[in-house]
Amino acid sequence: MKMGKGIPLNDQDRIPWLCNLHDILQRDVASGQHVILACSALKKVYRDILIQGKDGAPLKCDESGKEEKLAEVKLLVVHLTGSFEVISGRLLKRKGHFMSPELLQSQFDTLEPPSAPENFIQISVDKNLSEIIATIMETLK
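This one's a predicted model, so the numbers in the text were calculated from it and none came from an experiment. (Residues numbered from 1 in each chain as written. Predicted model: local features only at pLDDT ≥ 70, side-chain atom pairs only at ≥ 80, totals over all residues. Heavy atoms only, no water.)

1. Things to note about the packing of aromatic side chains
- Overall, the coordinates contain 1 aromatic pair when judged by the stated rule.
- When the ring of Phe-84 is compared with that of Phe-108, the centres are 5.3 Å apart and the planes differ by 65°; the resulting orientation is edge-to-face. Residue Phe-84 is found in helix α3 (residues 84–93), and its partner Phe-108 is found in helix α4 (residues 104–110); the two are separated by 24 residues along the sequence.
- Judged by its relative accessible area of 30%, Phe-108 falls in the partly exposed class. (Phe/Tyr/Trp six-rings, centres within 6.5 Å; stacked < 30°, edge-to-face > 60°. Helix = DSSP H or I, 4+ residues; strand = E, 2+ residues; numbered from the N terminus. Buried < 20%, exposed > 50% of the residue type's maximum accessible area, 1.4 Å probe, protein only.)

Given below as structure tokens:
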């Protein structure tokens with residue numbers, strides 16, 4: 001809603017959404033699935049929420065009150081990098097997307113690129129799609 005009106009999201013907007021994504025990841029990993037999630041987890045704290053949830057607790061209580069260990073979410077961050085000009089040019093070509101090109105600067109301003117000890121790879125958006133996919137697949141082996 002906000003982004004559609006040209007208003008950048010803040011932490012209070014993003015954190016509940018990230019917690020929901022964490023819960024989905026947790027559920028799917030617990031059922032043995034491999035998951036690919038595409039989202040703009042711009043800050044380290046957002047990526048931490050995807051891995052650990054809001055409270056960072058690896059335990060949850062079942063209905064009897066007994067604690068049970070949750071499945072571990074192992075996250076590989078694929079950090080796609082590109083200049084403001086390149087990404088802006090691509091964004092301007094999108095039709096009917098909820099994010100207006102005017103919000104791109106706020107995304108760059110918010111961005112905290114991943115760094116050690118985070119589990120990540122960095123790939124330039126200047127590569128073609130097949131090269132990006134090949135790099136990701138090679139890393140996952």
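Having seen the structure, we can now continue with the description.
2. Some points on the packing of helix α1 (residues 11–30) against helix α2 (residues 44–52)
- Where α1 meets α2, the axes come as close as 7 Å, and the angle between the chain directions of the two elements is 30°. Between α1 and α2, the interaxial angle falls into the category roughly parallel. The two elements α1 and α2 cross, and the hand of that crossing is right-handed. Across from Asp-11, Arg-14, Ile-15, Leu-18, Cys-19, Leu-21, His-22 and Leu-25 in α1, the residues of α2 making contact are Tyr-46, Ile-49, Leu-50, Ile-51 and Gln-52.
- Among the residues making up the contact of α1 with α2, the classes are represented as 9 nonpolar, 2 polar and 2 charged. (Axes fitted to C-alpha atoms, helices over the stretch in contact; angles between N-to-C directions. Parallel < 35°, antiparallel > 145°, perpendicular 65-115°, else oblique. Left-handed = near helix turned anticlockwise from the far one by under 90°. Contact = heavy atoms within 4.5 Å. Nonpolar A, V, L, I, M, F, W, Y, C, P; charged D, E, K, R; others polar.)

3. A few points about the environment of Ile-136
- Summarising the element assignment, Ile-136 is placed in helix α5 (residues 129–140).
- Not counting chain neighbours up to four residues away, the residues in contact with Ile-136 comprise Val-78, Ile-121 and Ile-123.

4. Notes on the pattern of salt bridges
- Summed over the entire model, instances satisfying the criterion amount to 6 salt bridges.
- Between Asp-13 and Lys-2 there is a salt bridge, and its shortest N-O distance comes to 2.7 Å. In this pair, Asp-13 is assigned in helix α1 and Lys-2 in the segment before α1, connecting sequence segments 11 residues apart.
- Residue classification places Asp-13 among the partly exposed positions, given a relative accessible area of 29%.
- Between Lys-44 and Asp-48 there is a salt bridge, with the nearest N and O atoms lying 2.9 Å from each other. One end of the pair, Lys-44, and the other, Asp-48, are both in helix α2, 4 residues apart, so they sit about a helical turn from each other.
- We classify Lys-44 as partly exposed; its relative accessible area is 33%. (Salt bridge = Lys/Arg side-chain N within 4 Å of Asp/Glu carboxyl O.)

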